[in-house]
Amino acid sequence: MRLYADFSRCSGCHACQVACSLNLFQENNPKKSALRIIPHFPVPGTYELKVCTQCGDCAAVCPTNAIKQNSKGAYYVDYAECNLCEACVPECPEGVMFIKVDLANHSWKCDLCGDCVQVCGTDALFIDEIDAPVRHSASSQAA
Amino acid sequence: MNGYAGKILRVNLSTGKISKENTPAEVAKNFVGGRGFGAYFLFKEVPSHADPLGPENKLIVSSGPLSGLLIPGAGKCDFTCKSPLTGGYASSSLGGLFTAEMKFAGIDSIIFEGISPKPVYLFIEDNKIELRDASFLWGKGTITAEKELKEMLGEEFQIAVIGPGGENGVSFASINHDYGRQAGRGGVGTVMGIKKLKAITIRGTNSIPVADLEGYRKAGIALYKSCKEAEGLKFWQSYGTPGVTSWANEVGAFPTLNFSAGSFEGAKTLYGQVMREQIVVTDKGCFGCPSPCGKYSRMKRYDTQVEGPEYETIGMLGSNVGLADIQDVAQANYLCDELGIDTISAGSVIGWAMECFGKGILTLEDTGGIELRFGNVQAVFSLIRQIAAKEGLGDLLSQGVKKASAATGKGSEKFAIHVKGMEQSAYATHNATAMLLAYMTSDVGAHHNRAWAITYDIQVGREKVTPEKVAHVIWLQNFRPMFDVLGACRLQWVELSIERDLYVPALEAITGVHRTWEDLEKVGARIWNLTRLYWARENDGFDRQWDMPAARFYEDPPTTGATAGQITSLDNVNKLLDIYYEQRGWESNGLPMPTTLEQLGLTELVA
């Protein structure tokens, strides 16, 4: 399973990011979330959403094996094992592998908790099989 | 303090001094946040009879305890000052992402004092706070300036910015944010302009402390669940506020040709459904909003974009000035946004000027050769530009409809549609007594959002004047503005009909303080009475005459549309006020009795 983003439906409200930070950090701070919202305003006036596709590229390059798979098959960061080497960050094709040393002393990523989906009022976010039909793969569309 | 960032930022623009103080716990207890903080600091800190355009006036920008949290629409920011438009209390609400970013930067309120000697913008990035030169932005439109600032500082910065309207001292200048959100009413942008504060830019990376994290998370998600299951969600997401246009026209509430009627012949091409089909590109939400009413539109004819038009703008810059094409209205909206003026007041003064022209009170000489007839789209565009620049007839109109009509005379005061100098927003009230009373007694002048009572009028009998009806208006006035106090949006309650008690456990988990809605309504009444005292303190001779509506609504029944031949009598207008004052615990002159102040815990503050 993985998270999908149909960003033609995204209204840029950031509720997903707040829910995400509450899950990952038990904090109310959208700067510490595992989704990216990229607004394109004033022209053309659209939002782009970047989410984890659970491709596993981050885990493949992690020298400390800090990125593991949970019971849902989603890759998550074992914070205690992360040494902030940053090998994972450039590997992420969606730019949603995060290291911000001023905000946390470990890397973070989507663990497929699904809280973002629960609070998305426009159904821009949803969870489906990794190889779901193309119509679900809006996260790779150009903005 | 849980739910709060904990600091008030004070910026003296005259001296350049920037300081922080703790958010006072007692003020948080009694006034909660947002509009409550604004009203408190205005009353307490701005000296009596201060010149709204002088250094003594302050601009108070406040978040609330729900702002920036996992609560539907938790992005409501309050801007309070002494109004240059009305001379009384001004409080205008801004949606978008700005106020959440204030909280993430560790700030509950920003209080701007004094006047800067040169154009500046306030830069905030967590604890790095400084006034920076803004001369390179001065004179630029709000959209242009915001884009430039974002390119310079980064996309994550949230920006509130004024345009030429605010710089030039138009009395109803707006503050703009996120390419289309405004604090539009009462001249809050005028005060920002006089202070030579072009913009506020914020980026914050802090977390907001809460009392019970898991309780908050659960209560927050329950609110979202309720919104997502709401029957009205799809309609509201599709059309937003323009969804009510067809209804307003059908019930005769749609402001038409300077409020001379409540139904517009060309209304059908302004309906929300037409707008969605013809110009809407993207649904745009405020912070944490599951039901985005923001409609981002593209006007192919003009090669422009705008967030909007909202229902209010469709009414005031559409039917009220005789425009029936949604692209024209959206373009007028764009011009007002870019130039930084309020679309509601702009539509009102232009509608008034058009009626003056039709009656021969204003002539081609006055208009500089413009055929100022209802429906003349180029005349509307020209006047918007002239108002923002304070040039030609725009100089007169930029003062607002009360002052413009007083200066013009010749009976034009009778069809200047305002209360207390605030142009009436887009609900025609020829025969809607609760809505009329709501406008008459609104704390900022004739604005709709304190008590949107017009659906109640239709429900219980629009012409009725009863104690129950007045009580309902008072309840709305105490309750609805509490959303602006808490820093979240009321529209999930209004439009999606979600249970308001769902907010109670969320607020408790966030702040650690148990408050029922009855407790919150008492805070609402406290703020309402404080702002009433502010009007009286600032305006010698303030009395019930200030609560009178435009004469049109008791003298001049429409001849067309759903309300043709209908009017509220002057006797009933006075009866509404008598009952209202009695139920509010106010004297017959409209001022709160000492016992009322005592009950609300205001005696000491106002002494």
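What counts and how
- Residues numbered from 1 in each chain as written.
- Chains lettered and ligands numbered in written order.
- Predicted model: local features only at pLDDT ≥ 70, side-chain atom pairs only at ≥ 80, totals over all residues.
- Buried ≥ 20, exposed ≤ 12 C-beta atoms within 10 Å, placed from the backbone.
- Helix = DSSP H or I, 4+ residues; strand = E, 2+ residues; numbered from the N terminus.
- Pairing = 2+ DSSP bridges.
- Contact = placed C-beta atoms within 7 Å.
- Core = buried A, V, L, I, M, F, W, Y, C linked by C-beta atoms within 7 Å.
- Nonpolar A, V, L, I, M, F, W, Y, C, P; charged D, E, K, R; others polar.
- Axes fitted to C-alpha atoms, helices over the stretch in contact; angles between N-to-C directions.
- Parallel < 35°, antiparallel > 145°, perpendicular 65-115°, else oblique.
- Left-handed = near helix turned anticlockwise from the far one by under 90°.
- pLDDT = per-residue confidence, 0-100.

Residue and element names in this part refer to chain B. In terms of residue burial, strand β13 (residues 280-284) counts as a mostly covered element, since four of its five residues are buried. As paired strands, β13 and strand β14 (residues 294-299) are joined by four bridges and run antiparallel to one another. By the bridge assignment for β14, valine 280 is matched with serine 297.

As a further point, take the environment of asparagine 57 of chain B. Residue and element names in this part refer to chain B. One can find asparagine 57 in the loop between α2 (34-45) and β3 (59-62). Put simply, asparagine 57 and glycine 585 are 528 residues apart on the chain and 30 Å apart in space, counted from C-alpha to C-alpha. When near neighbours in sequence (up to four residues on either side) are disregarded, asparagine 57 contacts Val46, Ala50, Asp51, Pro52, Cys81, Lys82 and Val191.

Turning next to helix α18 (residues 433-441) of chain B. All names here are of chain B. Burial analysis of α18 places nine of its nine residues in the buried class, the great majority of the element. Three or more residues of α18 are buried, namely Thr433, Ala434, Met435, Leu436, Leu437, Ala438, Tyr439, Met440 and Thr441. For α18, the elements touching its buried residues are β16 (418-419), α19 (454-460), α20 (467-479), α25 (552-555) and α26 (570-584).

Another point: the nonpolar core. Residue and element names in this part refer to chain B. Ranked by internal contacts, the top residues of the largest apolar core, which has 239 residues, are Ala199, Ala353, Ile384 and Ala506. The greatest single-element share of this core, amounting to nine residues, is contributed by helix α13 (residues 343-358). With residues near it in sequence (within four places) discarded, alanine 506 still touches Ile71, Tyr216, Ala219, Gly220 and Leu223.

Before going further, it helps to spend a moment on the interface of chain A and chain B. Listed as interface residues are 24 residues of chain A and, on the opposing side, 35 residues of chain B. Going through the elements one at a time, α1 (15-25) and α3 (115-119) of chain A are the ones with two or more residues in the side of chain A that touches chain B. A total of four residues in the side of chain A that touches chain B trace back to one element, the largest contributor, which is α1 of chain A. A class-by-class count of the residues in the side of chain A that touches chain B yields 11 nonpolar, 11 polar and two charged.

All names here are of chain B. If you trace the six strands from one edge of the open sheet to the other, you get β2-β1-β6-β3-β4-β5, paired in mixed fashion. Sheet topology places β2 (18-22) and β5 (89-94) at the edges, where each strand pairs with a single neighbour. Between one strand axis and the next, the sheet turns through 20° on average, direction left out of account. The sheet contact formed by strand β1 (residues 7-12) and strand β6 (residues 109-113) spans five bridges and is parallel. Looking across to β6, one finds that leucine 9 is bridged to isoleucine 110. Running over the sheet, α2 touches β3, β4 (77-82), β5 and β6 and is turned about 20° from β4.

Residue and element names in this part refer to chain B. One open sheet accounts for three strands, arranged β13-β14-β15; its pairing is antiparallel. Strands at the two margins of the open sheet, each flanked by one partner only, are β13 and β15 (304-307). Strand-to-strand twist of the sheet, defined as the mean angle between neighbouring strand axes without regard to direction, takes the value 20°. Of the strand pairs in this sheet, β14 and β15 are connected by four bridges, and their pairing is antiparallel. Residue pairing for β15: serine 297 is matched across the bridge by valine 306. Across the sheet, helix α12 (residues 326-339) lies against β14 and β15, angled at about 80° from β15, the strand it touches most.

As a further point, take the pairing of β3 of chain B. All names here are of chain B. Of the two faces of β3, both are covered, the one formed by Leu59 and Val61 as well as the one formed by Ile60 and Ser62. Pairing analysis gives four bridges linking β3 to β6, with the strands arranged antiparallel. By the bridge assignment for β6, serine 62 is matched with serine 109. For β3 and β4, the ladder comprises three bridges, and the chain directions are antiparallel. Within β4, the position partnered with serine 62 by the bridge is aspartate 78.

With that settled, consider α1 of chain A. Counting buried residues along α1 of chain A, nine of its 11 residues qualify, which places the element largely inside the surrounding structure. Looking only at α1 of chain A, the buried set comprises Ala15, Cys16, Gln17, Val18, Ala19, Cys20, Ser21, Leu22 and Leu24 of chain A. Where α1 of chain A is buried, its residues touch α3 and β6 (125-128) of chain A together with α7 (213-228) of chain B. Two residues or fewer after α1 of chain A comes glutamine 26 of chain A, characterised by a positive phi angle close to 55°.

Relative placement of two packed helices is described by the angle separating their axes and the distance separating the axes. Residues and elements named next belong to chain B. Where α7 contacts helix α23 (residues 503-511), the axes come no closer than 8 Å and their chain directions differ by 150°. Judged on the interaxial angle alone, α23 and α7 are roughly antiparallel. You can see that α7 and α23 cross each other, and the crossing is left-handed. Across the interface between the two elements, Gly215, Tyr216, Ala219, Gly220 and Leu223 of α7 pack against Pro505, Ala506, Ala509 and Ile510 of α23. Class assignment for the residues of the contact of α7 with α23 results in seven nonpolar, two polar and no charged.

Another aspect to go through is the packing of α2 of chain B against helix α24 (residues 517-538) of chain B. Residue and element names in this part refer to chain B. One can describe the packing of α2 onto α24 by two numbers: an axis separation of 10 Å at closest approach and a directional angle of 35°. In the crossing of α2 with α24, the sense of the turn from one axis to the other is left-handed. Within the contact between the two elements, α2 uses Arg35, Gly36, Ala39, Leu42 and Phe43 and α24 uses Val523, Ile527, Leu530, Thr531 and Tyr534. Class assignment for the residues of the contact of α2 with α24 results in seven nonpolar, two polar and one charged.

In the predicted model, chain B carries a mean pLDDT of 97, and 100% of its residues have values of at least 70. Scoring of the predicted complex yields 0.97 for pTM and 0.96 for ipTM.

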